[in-house]
Amino acid sequence: MSVFAYNANGEMQAEGVALETIAQQVGTPFYCYSAGALRAGWQEFADGMKGLNASVCYALKANSNLAVVKLFGDLGAGADIVSVGEMRRALAAGIAPRRIIFSGVGKKPSELMAALEAGIGQINVESSAELETLNAVAGQLGVKAAITIRVNPDVDAGTHAKITTGRKENKFGVDIDLARDAYALAARLPNLEVVGVAMHIGSQLIALDPYRDAIAKVRGLITQLRADGHRIERFDIGGGLGIVYADEKPPSIAAFMQLVTKETDGLGCALTFEPGRRLVGEAGVLVAEVILVKPGVSKTFVIVDAAMNDLIRPTLYEAWHDIVPARRPRPDGATIRCDIVGPVCESGDYLAQNRDLPPLSAGDLVMVRSAGAYGAVMASSYNTRPLVPEVMVDGTRFAVVRPRPSIDEMLSSERIPPWMEPA
Ligand SMILES: *Cc1c(COP(=O)(O)O)cnc(C)c1O
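Residues numbered from 1 in each chain as written. Predicted model: local features only at pLDDT ≥ 70, side-chain atom pairs only at ≥ 80, totals over all residues. Heavy atoms only, no water.

A. Inspection of empty space enclosed by the protein at higher detail. All told, the structure shown has 1 cavity of 30 Å³ or more when counted by the stated rule. Each pocket or cavity is described by its volume, and for the largest cavity that value is around 40 Å³. Around the largest cavity sit Phe45, Tyr211, Ile237, Gly238, Gly239, Gly240, Leu241, Phe256, Phe273 and Pro275, which together line it. Considered class by class, the residues forming the lining of the largest cavity number 7 nonpolar, 3 polar and no charged. (1 Å grid on protein atoms, 1.4 Å probe; cavity = no way out; pocket = protein on both sides within 12 Å on 5 of 7 lines; lining within 4 Å. Points joined across faces, edges and corners; volume = space filled by probe spheres on them. Nonpolar A, V, L, I, M, F, W, Y, C, P; charged D, E, K, R; others polar.)

B. Region of interest: the sheet that holds strand 2 (residues 12–14). A sheet is described by the order of its strands in space; here 3 strands give the open sequence 1-2-3, paired in antiparallel fashion. The open sheet has two free edges, formed respectively by strand 1 (4–6) and strand 3 (17–18), since each of these has just one partner strand. Sheet analysis places strand 1 next to strand 2, joined by 3 bridges and oriented antiparallel. Considered in strand 2, the bridge of Tyr6 is made with Met12. (Pairing = 2+ DSSP bridges. Helix = DSSP H or I, 4+ residues; strand = E, 2+ residues; numbered from the N terminus.)

C. Examining the nonpolar core more closely. Ranked by internal contacts, the top residues of the largest apolar core, which has 102 residues, are Tyr58, Phe72, Ile123, Leu131, Ile147 and Phe235. Ranked by the residues each element gives to this core, the list is headed by helix 8 (residues 209–227), at 7 residues. Shared between two domains, this core takes at least three residues from each, and those domains are domain 1 (4–33 + 281–412) and domain 2 (35–277). Here Tyr58 is in contact with Asn63, Val68, Val69, Phe72, Ala77, Gly78, Ala79, Asp80, Pro275, Gly276, Leu279 and Val280, once residues within four sequence places are set aside. (Core = buried A, V, L, I, M, F, W, Y, C linked by side-chain atoms within 4.5 Å. Buried < 20%, exposed > 50% of the residue type's maximum accessible area, 1.4 Å probe, protein only. Domains from an automatic or database assignment. Contact = heavy atoms within 4.5 Å.)

D. The arrangement of the state of the cysteines in detail. Per the counting criterion, the structure on display carries 0 disulfides. Cys57 takes part in no disulfide bond, and the closest cysteine sulfur, belonging to Cys269, lies 15 Å away. (Disulfide = S-S within 2.5 Å.)

E. The arrangement of the layout of surface pockets in detail. Reported here for the largest pocket is a volume of approximately 610 Å³. Looking at the lining of the largest pocket residue by residue, the class counts come to 13 nonpolar, 12 polar and 12 charged. Split by domain, the residues of the lining of the largest pocket number at least three in each of domain 1 (4–33 + 281–412) and domain 2 (35–277). Size it by volume and the second largest pocket reaches roughly 460 Å³. Lining the second largest pocket are 23 residues, and of these Ser2, Ala37, Gly281, Glu282 and Ala283 sit closest to its centre. Counting only elements with at least two residues in the lining of the second largest pocket, the list comes to helix 2 (35–48) and helix 10 (277–280).

Below you can see the structure in the form of structure tokens.
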């Protein structure tokens, strides 16, 4: 059962707190995360990995709020990061540097330098050029950088074009057919220490077959690499496990781990998983208030105070998010066909289109489900809309974990050039 459910009075709650209570104190829109759901997601991984030589490095980019990162860090998670900013978050949340993996297709020398200075445990290199750069940076610092090479196994993850990463035509990783050359280069570079191989084939995967195919291909590569004399001790399988937005049937973590156990049996590698979305997506919602309802000829527009700048997934990925009123609808089942849209001046500004929702009116709250991943982290202040705040609920407690900035704060970071100032 979801931790977001109506109570006996018909009010939508996050765990033990009514969303209306939060809305009264924080205002709308806001993101709301359930600590209980985050912990339950973590526990699924912990249970599934029993008996495996494996660890989880939470992919911060899905939701990098410090409270979320600290919750996972306290439970034993490492971190998968894609920028120095995310590294600073992981460190600030108390995650040990050696438990941090630096991923990403375009790391700058200054970022590699910062990562090595911090003692990051593993850098997943994505190109020969990056091998050379990292070798040079490590040389300057007089350290050896522990690396894997992220290989692109050319499998179709069967997901949206903008979140598939493991095809030949994607920018990510080293083509698996060129991987042996890249490893040979890495072995020649004196300041690199090869420790393993990495992959990450896409996001919101619903089928296990792409993992099976990719692991089989990388397994073949590992055998070759070892024959070539490389030490391959770690196999980083990446993230990508899907969640429920509409009626998807994503695999259980137990089923995923069974597959991984079978496919990596006897390989003798320590395994790493880098889940992002799966750990946070269903644990978060976006709450908005209806500003007004605008009946049209073909359909009705429900204009709410959350917009594409707060949650860009519907317009960026054509993503479908379930939207429900924060008050249990009357049992007569009446609905109206509507688009739920924001106030931003863009036709792409919608949260949902062609939905049959119970009649809504100004002041009602609505809840957008499965918004915990790639929601707040992708928010912007387009139209000078303050960054949407984030709230964490834990049982009957809640705390604002990122406040809404005031307009004054937003303006105060900008500068008028001196030549425009009045004389
Ligand atoms: C984005 C990303 C992840 C997390 O992906 P999810 O689909 O959120 O699990 C893991 N590893 C790498 C390298 C990534 O780029």
